[in-house]
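Structure assessment
Here are the chains, one letter per residue:
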Amino acid sequence: GIEFIDSYVFNRVEHIRFNSTVGRYVGYTELGLKNAEAWNKGPQLGQEQGELERFCKRNADLHYRAILDKT
């Protein structure tokens, strides 16, 4: 399967991450925890889930076919 991860990093510290396998945002710092709670209730969650369908799955098929063509 495909796993889509979108991390938000500032000054080399990961504050929050969306992981498509988990299906929600997870916070790793105090600010990240607050944002994760809010983002999991808002439109951001649906937008991230849409990225998996819109971008990842479509491009995965293209990359997979390109790899098969080279073997």
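Cut-offs used in this document
Residues numbered from 1 in each chain as written. Predicted model: local features only at pLDDT ≥ 70, side-chain atom pairs only at ≥ 80, totals over all residues. Heavy atoms only, no water. Pairing = 2+ DSSP bridges. Helix = DSSP H or I, 4+ residues; strand = E, 2+ residues; numbered from the N terminus. Buried < 20%, exposed > 50% of the residue type's maximum accessible area, 1.4 Å probe, protein only. Polar contact = N/O pair within 3.5 Å; in protein donor to acceptor, adjacent residues only side chain to side chain. Axes fitted to C-alpha atoms, helices over the stretch in contact; angles between N-to-C directions. Phe/Tyr/Trp six-rings, centres within 6.5 Å; stacked < 30°, edge-to-face > 60°.

1. As for the pairing of strand S3 (residues 24–27)
Both strand S2 (residues 13–19) and S3 contribute to a ladder of four bridges, which runs antiparallel. When the bridges of S3 are listed, Ile16 appears paired with Gly27. In sequence, S2 turns back onto S3 through a hairpin of four residues, with Gly23 there showing a positive phi of about 85°.

2. Focus: the side chain of Asn19
Secondary-structure assignment places Asn19 in strand S2. Using a relative accessible area of 11% as the deciding quantity, one classes Asn19 as buried. At 3.3 Å, the side chain of Asn19 forms a polar contact with the side chain of Glu3. Within the structure, the side chain of Asn19 is placed 2.7 Å from the backbone nitrogen of Thr21, a separation counted as a polar contact.

3. Here we look at unusual backbone geometry
Although it is not a glycine, Asn11 adopts a positive phi angle of roughly 50°. With respect to the helices, strands and loops of the structure, Asn11 is situated in the loop between strand S1 (5–10) and S2. Located in the positive-phi region is Arg12, a residue other than glycine, with phi close to 65°. Mapped onto the secondary structure, Arg12 falls in the loop between S1 and S2.

4. Considerations on the sheet that holds S2
Read across the open sheet, the three strands follow the order S1-S2-S3; overall the sheet is antiparallel. Edge positions in the sheet fall to S1 and S3, since each has one partner strand and no second. Each strand of the sheet is rotated relative to its neighbour by a mean of 20°, with strand direction disregarded. The pairing of S1 with S2 spans six bridges and is antiparallel. Bridge pairing in S2 places Tyr8 opposite Ile16.

5. Description of the packing of aromatic side chains
The tally for this structure, following the rule as stated, stands at four aromatic pairs. Here Tyr8 and Trp39 contribute two aromatic rings whose centre-to-centre distance is 5.3 Å and whose plane-to-plane angle is 70°, an arrangement assigned as edge-to-face. One end of the pair, Tyr8, is in strand S1; the other, Trp39, is in helix H1 (residues 30–41), and 31 residues separate them in sequence. Pairwise contacts between aromatic rings join Phe4, Tyr8, Phe18, Tyr25 and Trp39 into one cluster.

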